[in-house]
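Observations on chain architecture
What follows is each chain in one-letter form.
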Amino acid sequence: MNSEMQGKYERLAATLKARGLDVQLIEGRLKSQHIETPSWGYADSGTRFGVFPQPGAAVTLSEKLRDAAHVHRMTGIAPSVALHIPWDMVDDWQALRQEAEGLGLTIGAINPNLFQDEAYRFGSLAAPDPTVRRKALDHVAQCIEIMKQVDSRDLSLWLADGTNYPGQDDLRCRKRRLEESLAQIYTMLPDDKRLLVEYKFFEPAFYATDIPDWGMALLLCNKLGERARVLVDLGHHAQGVNIEQIVATLLDEKKLGGFHFNDRKYADDDLTTGSINPYELFLVFHELVTSELNDDQGSQIAYMIDQTHLLKPRVEAMIQSVLAIQRAYAKALIVDREALAAAQADGDIIAAEECLVSAFNTDVEPLLVKVRDDLGVPADPLQAHRESGYQEQIARERAGRKVQPTLG
């Protein structure tokens, strides 16, 4: 840390201490932050309409791991990688786990693919055809076996199941079939593994989506048991939905399992985290930090990125997203919660809001530079990446290959 940044850090630390905040505690939480990046975010993947291939985009799982390791080296807080099956299938999972560990990584959530096979046109776990449901359950069982071999904690489940037309299927029968399938999956899970149930209010099912919102996901999880929890994707909501209220409710019920971080302007745009509504991201983290400080649920929540880098350079966009999440977390950590609670008790709306606005508007970069210095990573990870030559290197090494891109 140079002398100018050191001075900024000392002034910020003094301000925080004057508010009664424990700066060392804040720094400790920032240093232990864990953000999981997705393997598919390093490959040529895109929208339902098309994909623009990029120079150096990863093709093999080894290349995806290498890119993820670079992101972790730059940021210090992205030590795990989520996998998507069968996109990331390998012959030797023990060797894959050792390869990841050699790069300083661990394998994170395992994501089954229950939406691309032709058999799933009328659904997977909720399909009317029992042979299709069996096919889907067999695939999930395969994913659970992979979890055991790579020591993954979370099975992350998103379904495209639903109907496009009134009368296409019996809605109550679909609900019961889905409950039965999920119960079988929950029984297959070892006691140290969790099932994270994601929801999405539309697409590709436009009449009725089988898990359309957090309430349905919560209902299903409550029927399954303690190790079934809700996963919140920031892009899977209608316009104007109060996501921070959903987060607060799930936290209070101790049923929040994790996040898929991204951003959106309209619906499931899968844009770079924090690029559209950074204040909403901060407010989500305010609820998370409040719970962390009161209930210590932080270790139970999986913070995962899930977004499409259709136009931005993939590795660079991933670093940008990790930093946006880190920044939102830091700002949430410096909220003066005593002053906020006092203003709320007095019904002083303006003072209460200003507690949040003041924290959001605070330049936390000196604090983050101090944390990065302690972690031994670059003070400016994005600039360090640009100057490292990594993108140019992988573009040269991976040139000339033609692969079928994945539509996300």
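Residues numbered from 1 in each chain as written. Predicted model: local features only at pLDDT ≥ 70, side-chain atom pairs only at ≥ 80, totals over all residues. Heavy atoms only, no water.

**Examining the overall build of the chain**
Short version of the rule: Here a helix means four or more residues in a row that DSSP labels H or I, a strand means two or more in a row labelled E, and each is numbered from the N terminus. C-alpha atoms define the radius of gyration, and 2.2 Å times the number of residues to the power 0.38 defines the globule rule. Only protein chains enter the accessibility calculation, which uses a 1.4 Å probe. A residue is then buried if its area is under 20% of the maximum for its type, exposed if over 50%, and partly exposed in between.
For the chain, the helix and strand inventory stands at 15 helices and 12 strands. For the chain, whose C-alpha radius of gyration is 22 Å, the value lies close to the compact-globule estimate of 22 Å for 408 residues. Summarising its shape, the C-alpha atoms of the chain cover approximately 65 × 60 × 40 Å along the three principal directions. Taking all 408 residues of the chain together, 55% fall into the buried category.

**With respect to the packing of aromatic side chains**
To describe a pair of aromatic rings, one takes the distance between the centres and the angle between the planes. Formally: Paired rings are identified among Phe, Tyr and Trp, the last through its six-membered ring, by centres lying within 6.5 Å, and are further divided according to the angle between planes into stacked (under 30 degrees), edge-to-face (over 60) and tilted (the rest). Here, a charge over a ring is recorded when the distance from Lys NZ or Arg CZ to the ring centre is within 6 Å and its angle to the ring normal is within 35 degrees.
Summed over all chains, the structure comprises 13 aromatic pairs. Each ring, one from Phe-261 and one from Tyr-303, has its centre 6.1 Å from the other, and the planes form 10°; the classification is stacked. With Phe-261 in strand S10 (residues 256-261) and Tyr-303 in strand S11 (residues 302-305), this pair connects stretches of sequence that are 42 residues apart. For Tyr-303, a relative accessible area of 12% puts it in the buried group. Here the aromatic rings of Phe-285 and Tyr-303 are separated by 5.9 Å at their centres, their planes lie at 20°, and the arrangement is stacked. On the criterion of sequence distance, the pair formed by Phe-285 in helix H9 (residues 278-295) and Tyr-303 in strand S11 is long-range, its members being 18 residues apart. By the burial criterion, Phe-285 is buried, and Tyr-303 matches it. Through successive ring pairs, a cluster of aromatic residues spans Phe-259, Phe-261, Phe-285, Tyr-303 and Tyr-329. Just above the ring of Phe-360 sits the side chain of Lys-331; from NZ or CZ to the centre is 4.7 Å.

**Focus: the pattern of salt bridges**
To be explicit about the condition: The salt bridge criterion pairs a side-chain nitrogen of Lys or Arg with a carboxyl oxygen of Asp or Glu, the two atoms within 4 Å.
Inspection of the entire model under this criterion finds 29 salt bridges. In this structure, Asp-67 and Arg-398 form a salt bridge, with 3.0 Å as the shortest nitrogen-oxygen distance. Residue Asp-67 is located in helix H3 (residues 61-75), and its partner Arg-398 is located in the loop between helix H15 (390-397) and strand S12 (406-407); the two are separated by 331 residues in the primary sequence. By the burial criterion, Asp-67 is buried, and Arg-398 matches it. What you see here is one network of salt bridges that share partners, running through Arg-97, Glu-101, Asp-151, Asp-192 and Lys-193.

**Structural notes on the pairing of strand S9 (residues 228-233)**
The criterion, for reference: Any two strands with at least two DSSP bridges between them are considered paired. If the strands point away from the viewer and the path from the first strand over the helix to the second runs clockwise, then the crossover is right-handed.
Among the 6 residues that make up S9, 6 are buried, leaving the element largely enclosed by the rest of the structure. Pairing analysis gives 4 bridges linking strand S7 (residues 194-198) to S9, with the strands arranged parallel. Across the sheet, the residue bridging to Val-197 is Val-230, located in S9. Both S9 and S10 contribute to a ladder of 4 bridges, which runs parallel. Across the sheet, residue Asp-233 finds its bridge partner in S10, namely His-260. Handedness of the S9-helix H8 (residues 243-252)-S10 crossover: right-handed.

**Let's talk about H3**
Quick note on the threshold: Here the expected length of a helix is defined as 1.5 Å per residue gap, with one fewer gap than residues.
The end-to-end C-alpha distance of H3 is 21 Å, a good match for the 21 Å that 15 residues give at a rise of 1.5 Å each. With 12 of 15 residues buried, H3 lies mostly within the body of the structure. Among the residues of H3, those classed as buried are Leu-61, Glu-63, Lys-64, Leu-65, Asp-67, Ala-68, Ala-69, His-70, Val-71, His-72, Met-74 and Thr-75. With its phi angle positive at about 80°, Gly-76 sits one or two positions after the end of H3.

**A short note on the nonpolar core**
The criterion, for reference: The set of buried Ala, Val, Leu, Ile, Met, Phe, Trp, Tyr and Cys residues whose side-chain atoms join them within 4.5 Å is what this entry labels a nonpolar core. Pairs of residues are marked as contacts when any of their non-hydrogen atoms sit within 4.5 Å.
Membership of the largest hydrophobic core comes to 109 residues, with the highest contact counts inside it found for Leu-125, Ile-185, Phe-259, Phe-285 and Leu-288. Beyond its immediate sequence surroundings of up to four residues, Leu-125 is in contact with Leu-114, Arg-133, Ala-136, Leu-137, Leu-157, Leu-159, Asp-161, Arg-177, Leu-178, Ser-181, Leu-182 and Ile-185. Counting 7 residues, the second-largest nonpolar core is a separate cluster that includes Trp-40, Ala-109, Leu-196 and Met-304.

Just geometry here; none of it tells us what the structure is for.
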